[in-house]
Structures are given as C-alpha cells and as structure tokens.
Amino acid sequence: MNRVELELYLNDTLQTAQFRDYCPNGLQVEGRSEIRKIASGVTASLAFLEAARDWGADAVLVHHGYFWKNEEARITGMKRKRLGLLIGNDINLFAYHLPLDAHPELGNNAQLGKLLGFADDGGRFGPDQLGWLGAPAQPMTLAALAAHVEAQLGRQPLVLGDPSRQVNRVAWCTGGAQGFFEAAIAAGADVYISGEVSEPTQHLAMESGAGYLAAGHHATERGGARALGEHVAERFGLEHRFFDMPNPA
C-alpha cells in the first residue's frame, strides 16, 4: 500500500482535523513509499522501534509519538537515537493522540470499555467529549470492580474511595486523564477509571464519595493502536503485529 494513501485513510478515519492537540497527528516521520508490514504499539520508544525493525516493519503506528508541545526542539540524545533508527531503516512513523482516544469504535476509550464489559450509554464529558459513561455488566462494589479491572488489564489498580461503595454507573478516560475526575462526578458516575493519579485525586474521592481507579497509563491505552492496526491490515491486506512493551506506569 502507498504511504500517502494510508495516511489519508487514517486521517479521515480518525477525523484528525477536529482536534486541537499537543502534537501533530498523522505521518510524523517519512519512510519508504510502499507499506506491506505495519507494527503497532502504545509508544514509539526505542525498544518498540527496535522490535518493529527486527520484525521487518515498513511503518509503525502508535498513540504516543514525538514533537510534543514545548518539547526540546534539538535532535540530541534519546530523540536522535529514535529518529536515527527510523530514518536509517526507512520506516514510517504514524502517530495519533487525541483522535485515537476519541474514535467511537477503534479508540482507546471504546476498546477499554469493550474489554471491561461496560455498556456504553452514549454519555460523554470533559474536553473534546473524551470521557465516556456507561454501566458495568452488573452492579458491583468498588472492590469487585477493581478486581475485575486487574484481571482484564493484568495490573493492580490504585483504588481510592470506599471499597464497599455500590457501582451502578461508571466513567472512564484512558491515559493521564485524572483531571477529568470532577467532570465525571458531575456527570453522575459512581466511579471514574483513568490511567494516572495526582495528589488532589485522593481528596476529591474522599470529599465527593465517588471512587477512583488508577489503572495505568500504558495499560489503559493498549487497545486503540492495536485495534487500528488490525483494522487497516484487514482492510488493505497488510501484515500487522502489535508489540506490547512492558511498562508499569
């Protein structure tokens, strides 16, 4: 498949023009023009790039790419090694941040809700309506929900709030979206799930009575890039492989 055709399809599918993001979405590093093998992953780390190169990838597709707002512009150190590997091996880098969080079927939030068995009720909240609302498959306590999340993600979440609290409505937003907690409470959630936690999160949980699960930035965002990679591979007859690089954060 031609690189330009793939980028146009990805940009259109994820509706990148609708988002004001902290980084460029789309093709971030240009490689060879023909793509037959595409590797997906959460972050374009050096370890991921090395694994993709060794597999023979023509392109990599990630959620966390490069060139973030206020990032050091000079190409030195870690950035030089990463870019050097891509350019030296003629590998394309496609990266999609907020558009991949938001996509209603392939996005990180959609995939996390599907993995955890939540019934999406169509409720949205937060900036760009990135936060999702729904219900667990059956009412359960916060402690039971935490155990379920751990079983599905393979990572023990940090639990804030009363473990015995009954959960009938749940809100979630993957990654570092702990700042949406108050908006989730205002939207009627009994518990909010995201990837990270900050010092004020504990106080908000205690004072509001709502539960909070910090389930891991990486762990909550494994779904989107994988689903998108599988989608384009099936649609265009490409080889695809998802590389899940270990990350406890």
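Quantities reported herein were computed from a predicted structural model and do not represent experimental measurements.

Enquirer: Explain the overall build of the protein chain to me, using residue names and the numbers behind them.
Expert: When its secondary structure is counted, the protein chain shows 10 helices and 13 strands. Since a compact globule built from 249 residues should have a radius of gyration of about 18 Å, the 19 Å found for the protein chain is in line with a globular shape. Dimensions of the protein chain, computed from the C-alpha atoms along their principal axes, are close to 55 × 35 × 30 Å. Buried residues in the protein chain amount to 51% of all 249 residues. As displayed, the protein chain has an accessible area near 11500 Å², and 49% of this comes from carbon and sulfur atoms. Between the centroid of the 21 positive side chains of the protein chain and the centroid of its 29 negative side chains there is a distance of 6 Å.

Enquirer: Describe the sheet that holds strand E13 (residues 239-242), and please don't skip the residues or the numbers.
Expert: A sheet is described by the order of its strands in space; here 5 strands give the open sequence E1-E4-E3-E2-E13, paired in mixed fashion. Since the sheet does not close on itself, it has two edges, and those belong to strand E1 (26-29) and E13, each with one partner. Neighbouring strand axes in the sheet, compared pairwise and without regard to direction, differ in orientation by 30° on average. The strands touched by helix H1 (residues 3-14) are E1, strand E2 (37-43), strand E3 (59-64) and strand E4 (92-95); relative to E4, the strand with the most contacts, the crossing angle is about 5°.

Enquirer: Any details on the pattern of salt bridges? Residues and values, ideally.
Expert: Per the counting criterion, the structure on display carries 10 salt bridges. Among the ionic pairs, Asp190 bridges to Arg165, the shortest N-O distance being 3.0 Å. Of this pair, Asp190 sits in the loop between helix H7 (181-186) and strand E11 (191-194) while Arg165 sits in the loop between strand E8 (158-160) and strand E9 (166-167); the two residues are 25 residues apart in sequence, bridging distant segments of the chain. The partner of Glu230 in a salt bridge is Arg226, and the shortest N-O contact between them spans 3.5 Å. With a gap of 4 residues between them, Glu230 and Arg226 both fall in helix H10 (residues 223-236), about one helical turn apart. Residue classification places Arg226 among the partly exposed residues on the basis of a relative accessible area of 41%.

Enquirer: Now, about H1: what can you tell me, with residues and values included?
Expert: Given a rise of 1.5 Å per residue, 12 residues ought to cover 16 Å, and the 17 Å separating the end C-alpha atoms of H1 matches this to within 8%. Residues of H1 that are buried make contact with E1, E2, E3, E4, helix H4 (98-102) and H10. N-capping of H1 is provided by Asn2, with a side-chain oxygen placed 2.8 Å from the backbone N of Val4.

Analysis parameters
- Residues numbered from 1 in each chain as written.
- Predicted model: local features only at pLDDT ≥ 70, side-chain atom pairs only at ≥ 80, totals over all residues.
- Heavy atoms only, no water.
- Helix = DSSP H or I, 4+ residues; strand = E, 2+ residues; numbered from the N terminus.
- Rg over C-alpha atoms; globule rule 2.2 N^0.38 Å.
- Buried < 20%, exposed > 50% of the residue type's maximum accessible area, 1.4 Å probe, protein only.
- Areas by Shrake-Rupley, 256 points an atom, 1.4 Å probe, with all protein chains shown as cover.
- Lys, Arg positive; Asp, Glu negative; His and termini not counted.
- Charge placed at Lys NZ, Arg CZ, Asp CG, Glu CD.
- Pairing = 2+ DSSP bridges.
- Axes fitted to C-alpha atoms, helices over the stretch in contact; angles between N-to-C directions.
- Contact = heavy atoms within 4.5 Å.
- Salt bridge = Lys/Arg side-chain N within 4 Å of Asp/Glu carboxyl O.
- Expected span 1.5 Å × (residues − 1).
- Polar contact = N/O pair within 3.5 Å; in protein donor to acceptor, adjacent residues only side chain to side chain.

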